[in-house]
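Here's the letter readout for the chains.
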Amino acid sequence: MNPSSVRVLTGDRPTGRLHVGHYFGSLESRVRLQNEGAELYVVIADYQVLTDRDIAANLPGYVEELLLDYLAVGIDPERAVVFTHSAVPALNQLLLPFLSLVSVAELQRNPTVKDEIRHSSQAAVSGLMFTYPVHQAADILFCKANTVPVGRDQLPHLEITRTVARRFNERYARPGEPVFPEPEALLSAAPLLLGTDGGKMSKSRGNAIALAADADETARLIRGAKTDAERHISYEPERRPEVSSLVLLAALCTERDPAELAEEIGGGGAAALKQVVTAAVNERFSPVRARRAELARDRGFLREVLRRGNKEANVVADATLEQVRTVMDCVY
Ligand code: TRP
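One structure accompanies this document, and this report is about it.

Quick notes on the rules
- Residues numbered from 1 in each chain as written.
- Predicted model: local features only at pLDDT ≥ 70, side-chain atom pairs only at ≥ 80, totals over all residues.
- Heavy atoms only, no water.
- Helix = DSSP H or I, 4+ residues; strand = E, 2+ residues; numbered from the N terminus.
- Polar contact = N/O pair within 3.5 Å; in protein donor to acceptor, adjacent residues only side chain to side chain.
- Contact = heavy atoms within 4.5 Å.
- Phe/Tyr/Trp six-rings, centres within 6.5 Å; stacked < 30°, edge-to-face > 60°.
- Buried < 20%, exposed > 50% of the residue type's maximum accessible area, 1.4 Å probe, protein only.
- Lys NZ or Arg CZ within 6 Å of the ring centre and 35° of its normal.
- Expected span 1.5 Å × (residues − 1).

Further remarks concern the side chain of Arg-240. Among the secondary structure elements, Arg-240 is positioned in the loop between helix 10 (215-223) and helix 11 (241-254). Engagement of the side chain of Arg-240 in a polar contact is seen with the backbone oxygen of Glu-230, the distance being 3.2 Å. Engagement of the side chain of Arg-240 in a polar contact is seen with the backbone oxygen of His-232, the distance being 2.7 Å. In contact with Arg-240, not counting residues within four places along its chain, are Asp-228, Glu-230, His-232, Ile-233 and Ser-234.

Set out below in structure tokens:
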């Protein structure tokens, strides 16, 4: 694929610091695509946070943390467009025609949404919960992205995006002149990292190693990580998920083969494994952490980055909405 014909959109909810799972699952490939010349759009999905949580009061702080993580790992505001949902009205307006293109049954059977509802602490499920995947289609389609680097859990949402694009084109576009591309998911080659408790690594479950964690916090988290009763360390993701995930984390940080690394640790057991993982994580992320700390001192710069990204996103979204209203015959 020619990188300059690749337009990437991806993003995250601003609900806390990003972790090493995000890094190897998505951030690393975003930065690589950016550096290879792809156009990169990154949404700080502040409206998506409203699906489930009542953290609106902390939103500005979370937005800033997320932006810091992005910049620290190498997303370059000179090349990439980083923006927030709430600052781009035309993007949000796309939700209306898009919602008309999907059925309630389709929304209700989305497995990721079902899972989120199951894990939700809220007494009632909001309407936004069922419709946010369509809003996510607007995130992706407002800039006509053709490539979306995401984790597996996001595949149902990407399927909805493709359905919306296809149905919109069928219903409104002139034959041979599609308005929207049907974007492709770009799944990370790295297998999933587990949290330190052996469950899914998650910002909100206290089991994640944040990119921004310091060396001591990292050591403490890894010291407390779940392992198993077998002494000899091996890399067997199916049979020994917790131990294998730790091995994998060290291997990803040091760009080594996990089976080989496990072999080397071998009889050293869990204690040796944890030492290796801690050193690997701290060494790999020490430049990222230093850069993050430096950026955190310049609030004015952070605000400027978002202001510029939002401005650019608005130009693109306005043009797309204009085109949408034109083909829908809604220009009066
Ligand atoms: N749903 C994604 C998450 O929870 C965040 C997100 C919002 C996103 N809009 C997106 C991801 C568009 C990819 C494309 O992490």
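Resuming the write-up.
The next subject is the packing of aromatic side chains. As enumerated under the stated definition, the model contains 9 aromatic pairs in all. Between Tyr-23 and Phe-285 the ring centres are 5.1 Å apart and the planes differ by 90 degrees, which places this aromatic pair in the edge-to-face class. Taken together, the residues Tyr-23 in helix 1 (residues 20-35) and Phe-285 in helix 13 (residues 269-296) connect sequence positions 262 residues apart. What makes Phe-285 buried here is its relative accessible area of 0%. Ring plane angle 80 degrees and centroid distance 5.5 Å describe the contact between Phe-98 and Phe-180, whose orientation is recorded as edge-to-face. Here Phe-98, found in helix 5 (residues 95-99), pairs with Phe-180, found in the loop between helix 9 (155-172) and strand 5 (184-187); they are 82 residues apart in sequence, far enough to count as distant. Assigned by exposure class, Phe-98 and Phe-180 land together as buried. One aromatic cluster is present, built from ring pairs that chain together Phe-98, Phe-168, Tyr-172 and Phe-180. Its end group placed over the ring of Tyr-132, Arg-13 keeps NZ or CZ at 4.8 Å from the ring centre.

Once that is clear, we can look at helix 14 (residues 299-327). Look at helix 14: 42 Å from first C-alpha to last across 29 residues, which is about the 42 Å you get at 1.5 Å a residue. Here helix 14 has its buried residues at Leu-302, Val-305, Leu-306, Gly-309, Asn-310, Ala-313, Asn-314, Ala-317, Thr-320, Leu-321 and Val-324. Asp-329 occupies a position one or two residues after helix 14 and carries a positive phi of about 65 degrees.

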